[in-house]
Amino acid sequence: MSSIKKTDHYYLIDGSGYIFRAYYALPPLSRKSDGLPTGAVSGFCSMLFKLLEDSRSDDSIHKPTHFAVIFDSARKNFRNDIYSEYKANRAEAPDDLIPQFEYIRKSVKAFNLPSIELLNYEADDLIATYAKQITDAGAKVTVISSDKDLMQLVSDKIRLYDPMKSKVIGEKEVLEKFGVKPNQVIDVQSLAGDSSDNIPGVPGIGVKTAAELINKYKNLDTLLKKASEIPQNKRRETLLENKDKALLSRQLVTLKDDVPVEDDPSSFIKTNIFGTYNLLEESKKHFEALSIKRKAKFRFHHISTDEVYGDLEKKSDPFTEKTPYAPSSPYSASKASADHLLKSFVRTYKFPAVISNCCNNYGPNQFPEKLIPKLIHNILNGKALPIYAKGLN
């Protein structure tokens, strides 16, 4: 933990929440060759890219220095051992979403970001654990999620950010939502329960009544001890009869902040997420696997910046065709010459390609970031062969 500095700012991304947002936000998409659903992959990549792009242009004190994407490992976890009906009311993931989980996790690695999950725990628990480790070391955290369950973590060093509404959630917003301070959210949820997660709570008590009681008695334990003093007959009897449900619900809604995580948060350092190495190596492995699976040889050609920006007339196969576009300066490649390079490659190898470093006004060390979501989507779904220029880092 000593490597975490007080000036660090961590972005912990609720990957599982992103997946479902992406799935329901877009119409169904599929790969033409075999019908594999790809809509959630495409939407997830676009959402993640937008977040990263926005963070890069952020010049405020909240500019992130570290990133991690955190997922649920499985539907069941330790809470099901406490209460077997936990989330039992939820349907299974849609059939066309299930095969996309693997590719979504691969896309996170393609972005050169940590992809973290741990069996028997939910993403929220891992986020709570890392947030505690980070803030205990003096740094700050932004949790990227719209999940209300994470509002219990909000403090002077932890804030939430809802990417769909572009809204920061701090203590003021928590008070507006639950009627109490962040450190009292657990008590309110224990009383009110949560039908979406099948958490029982106390029958007949909603968020408004729960907030009223917690504001008066300060916490759940004091409330339950003094329940017999409550003047309203029905409310008093309900609390006395359902004390066990309130305590059970507290176990379920409380996020664990002591999960035995394996990754050191100092390793979440924000690197060049658009660098060549990860995308190149992951893509090469992917296309080698495709070659074996389809019994066809896929050519993977890695071109240098000289080949992209130099004299195309002098290049060897597949670039032997005469062309009027022959920029003399490595910084003067036009879009026309880039297009010609792309078309030559496609004609020679007879299948789609993406050139990642060929756009008008981009020098050898500049990356056309607007191509990233489509590039990753196409790589992971076998639709395009990526061509990279060296020297992008």
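Heads up: the structure comes first, above all this text.
Overview of the structure. (Residues numbered from 1 in each chain as written. Predicted model: local features only at pLDDT ≥ 70, side-chain atom pairs only at ≥ 80, totals over all residues. Heavy atoms only, no water.)

With respect to the overall build of the protein
Here is step 1: Each helix and strand counted, the protein has 15 helices and eight strands in total.
Here is step 2: Taking all 393 residues of the protein together, 51% fall into the buried category.
Here is step 3: Taking the intrachain contacts of the protein between residues at least 6 apart in sequence as the baseline, contacts between residues at least 24 apart amount to 70%.
Here is step 4: Entry remark: accessible area of the protein is about 19500 Å², with carbon and sulfur atoms responsible for 50%. (Helix = DSSP H or I, 4+ residues; strand = E, 2+ residues; numbered from the N terminus. Buried < 20%, exposed > 50% of the residue type's maximum accessible area, 1.4 Å probe, protein only. Contact = heavy atoms within 4.5 Å. Areas by Shrake-Rupley, 256 points an atom, 1.4 Å probe, with all protein chains shown as cover.)

Concerning the packing of aromatic side chains
Here is step 1: Overall, the coordinates contain seven aromatic pairs when judged by the stated rule.
Here is step 2: Judged by centre distance (6.4 Å) and plane angle (75 degrees), the ring pair of Tyr-10 and Phe-268 falls under edge-to-face. In this pair, Tyr-10 sits in strand β1 (residues 9-14) while Phe-268 sits in the loop between α11 (243-253) and α12 (276-294), placing the two residues 258 residues apart along the sequence.
Here is step 3: For Phe-268, a relative accessible area of 1% corresponds to the buried category.
Here is step 4: Ring geometry for Tyr-18 versus Phe-44: centroids 5.9 Å apart, planes at 80 degrees, classification edge-to-face. Of this pair, Tyr-18 sits in helix α1 (residues 15-25) while Phe-44 sits in helix α2 (residues 39-56); the two residues are 26 residues apart in sequence, bridging distant segments of the chain. (Phe/Tyr/Trp six-rings, centres within 6.5 Å; stacked < 30°, edge-to-face > 60°.)

Things to note about the nonpolar core
Here is step 1: Counting 51 residues, the largest nonpolar core has Leu-12, Leu-191, Leu-223 and Leu-239 as its most contacted members.
Here is step 2: Among the elements that line this core, the one with the most residues is helix α5 (residues 123-136), at seven residues.
Here is step 3: In this structure, Leu-223 is in contact with Leu-191, Leu-213, Ile-214, Tyr-217, Ile-230 and Leu-239, ignoring residues within four places of it in sequence.
Here is step 4: Listed in part, the 27 residues of the second largest apolar core include Tyr-11, Leu-52, Ile-104 and Leu-113. (Core = buried A, V, L, I, M, F, W, Y, C linked by side-chain atoms within 4.5 Å.)

As for the environment of Phe-20
Here is step 1: Inspection of the secondary structure assignment puts Phe-20 in helix α1.
Here is step 2: Considering only alpha carbons, one finds Phe-20 and Ala-40, 20 residues apart in sequence, at a separation of 7.7 Å.

With respect to the side chain of Arg-235
Here is step 1: For Arg-235, the position within the fold is in helix α10 (residues 233-241).
Here is step 2: Within the local environment of Arg-235, its side chain forms a polar contact with the side chain of Glu-212, the two groups lying 3.3 Å apart. (Polar contact = N/O pair within 3.5 Å; in protein donor to acceptor, adjacent residues only side chain to side chain.)

Describing unusual backbone geometry
Here is step 1: Located in the positive-phi region is Asn-120, a residue other than glycine, with phi close to 85 degrees.
Here is step 2: Considering the arrangement of structural elements, one finds Asn-120 in the loop between β3 (115-116) and α5.
Here is step 3: One non-glycine residue, Lys-218, lies in positive phi territory at about 80 degrees.
Here is step 4: Using a relative accessible area of 55% as the deciding quantity, one classes Lys-218 as exposed.

Considerations on the pairing of β1
Here is step 1: Burial runs high along β1: six of the six residues are buried.
Here is step 2: Burial of the side chains of β1 extends over both faces: His-9, Tyr-11 and Ile-13 are buried on one face and Tyr-10, Leu-12 and Asp-14 on the other.
Here is step 3: As judged from the five bridges shared by β1 and strand β4 (residues 140-144), these two strands associate in the parallel manner. Paired with Tyr-11 across the strands is Thr-142, a residue of β4.
Here is step 4: In terms of strand pairing, β1 meets strand β2 (residues 66-70) through five bridges, oriented parallel. The residue bridging Asp-14 from the neighbouring strand is Ile-70, located in β2. (Pairing = 2+ DSSP bridges.)

Quick notes on the sheet that holds β1
Here is step 1: An order of β3-β2-β1-β4-β5-β6 is seen for the six strands of this open sheet, with the pairing classed as mixed. Each of the sheet's edge strands pairs with one partner strand only, and the pair in question is β3 and β6 (167-169).

Regarding the pattern of salt bridges
Side-chain pairs of opposite charge can arise where the charged atoms are in close proximity.
Here is step 1: Evaluation of the coordinates by the stated rule reveals 15 salt bridges.
Here is step 2: In this structure, Arg-79 engages Asp-125 in a salt bridge whose closest nitrogen and oxygen atoms are separated by 2.7 Å. Taken as a pair, Arg-79 in helix α3 (residues 78-82) and Asp-125 in helix α5 lie far apart in primary sequence, 46 residues in all. This pair shows no difference in class: Arg-79 is buried, exactly as Asp-125 is.
Here is step 3: The salt bridge partner of Lys-256 is Asp-258, with a shortest N-O separation of 3.2 Å. (Salt bridge = Lys/Arg side-chain N within 4 Å of Asp/Glu carboxyl O.)

A look at helix α7 (residues 185-192)
Here is step 1: Judged by how many residues are buried, α7 sits mostly within the fold: eight of eight residues are covered.
Here is step 2: The complete set of buried residues in α7 reads Val-185, Ile-186, Asp-187, Val-188, Gln-189, Ser-190, Leu-191 and Ala-192.
Here is step 3: Contacts made by the buried residues of α7 are with α6 (171-178), α8 (207-217), α9 (220-225), α10 and α11.
Here is step 4: Residue Gly-193 follows α7 closely and has a positive phi angle near 70 degrees.

Quick word on the pairing of β4
Here is step 1: Across the five residues that make up β4, a large majority, four, are buried.
Here is step 2: With four bridges connecting them, β4 and strand β5 (residues 158-162) associate as parallel partners. Note that in β5 the partner of Val-141 across the bridge is Ile-158.

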